[in-house]
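The primary structure of each chain is shown beneath.
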Amino acid sequence: MLTRSEKQIMELLWSIDEPLTCLEIIDRCEDKTWKDSYVHIMIRSLLDKGMIQVDGVELICKNYARKFGPAMTKDEYIVMTLMNEKVWTKDKMPALFATFVKKEADLAVLDKFATIIEERKAELA
């Protein structure tokens, strides 16, 4: 769904707690694999995909620059990616969840799973 370069931008935006301008994205992406001039194309693509949103503007010299932040969390992106897989079907969801549960050894985490399920059931009832 995302290109490697788009993932680099998203990882940056997920890792910080503030929206960034294009110039700030360029400055903060230390291991970028793309040219600086390509950032505007990637920003447009990420906006079109609903991955980022405009989170304000900033006056830089005499011009205004849009600031961008993530439109979804990394967890939401991972779930969306998984659910968009061509082999994914709703009947496979219990098996996937069971795998998470079987791999988890922390009782507090398992209790949290149970709480989340109970809360969701109450919402749907």
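Caption draft 1: Highlighting the environment of P19. Among the structural elements, P19 can be located in the loop between helix 1 (4-15) and helix 2 (22-28). When its relative accessible area of 24% is taken as the criterion, P19 is described as partly exposed. Sequence spacing of P19 and K90 is 71 residues, and the spatial spacing of their C-alpha atoms is 35 Å. Not counting residues within four places of it along the chain, the set of residues in contact with P19 comprises E24, D55, K67, F68 and G69.

Caption draft 2: Molecular detail of the side chain of T21. Looking at where T21 falls in the secondary structure, it is placed in the loop between helix 1 and helix 2. Given a relative accessible area of 2%, T21 falls into the buried group. Not counting residues up to four positions away in its chain, the partners in contact with T21 are E58, I60, A65, R66 and K67.

Caption draft 3: Structural detail: the packing of aromatic side chains. Applying the stated criterion across every chain yields a total of 2 aromatic pairs. Geometrically, the ring pair formed by F97 and F113 is tilted, given 5.5 Å between the ring centres and 55° between the ring planes. Separated by 16 residues along the polypeptide, F97 in helix 5 (residues 93-103) and F113 in helix 6 (residues 107-124) bring together distant segments of the chain. F97 gets classed as partly exposed once you look at its relative accessible area, which sits at 34%.

Caption draft 4: Fine view of unusual backbone geometry. One non-glycine residue, C61, adopts positive backbone phi at about 60°. When you line up the elements, C61 lands in the loop between strand 1 (52-60) and strand 2 (63-70).

Caption draft 5: Main features of the confidence of the model for the protein chain. When pLDDT is averaged along the protein chain, the result is 90; 98% of the residues meet or exceed 70. Mean pLDDT per element in the protein chain: helix 5 is the minimum at 87, and helix 3 (residues 39-48) is the maximum at 95.

Cut-off values and rules
Residues numbered from 1 in each chain as written. Predicted model: local features only at pLDDT ≥ 70, side-chain atom pairs only at ≥ 80, totals over all residues. Heavy atoms only, no water. Helix = DSSP H or I, 4+ residues; strand = E, 2+ residues; numbered from the N terminus. Buried < 20%, exposed > 50% of the residue type's maximum accessible area, 1.4 Å probe, protein only. Contact = heavy atoms within 4.5 Å. Phe/Tyr/Trp six-rings, centres within 6.5 Å; stacked < 30°, edge-to-face > 60°. pLDDT = per-residue confidence, 0-100.

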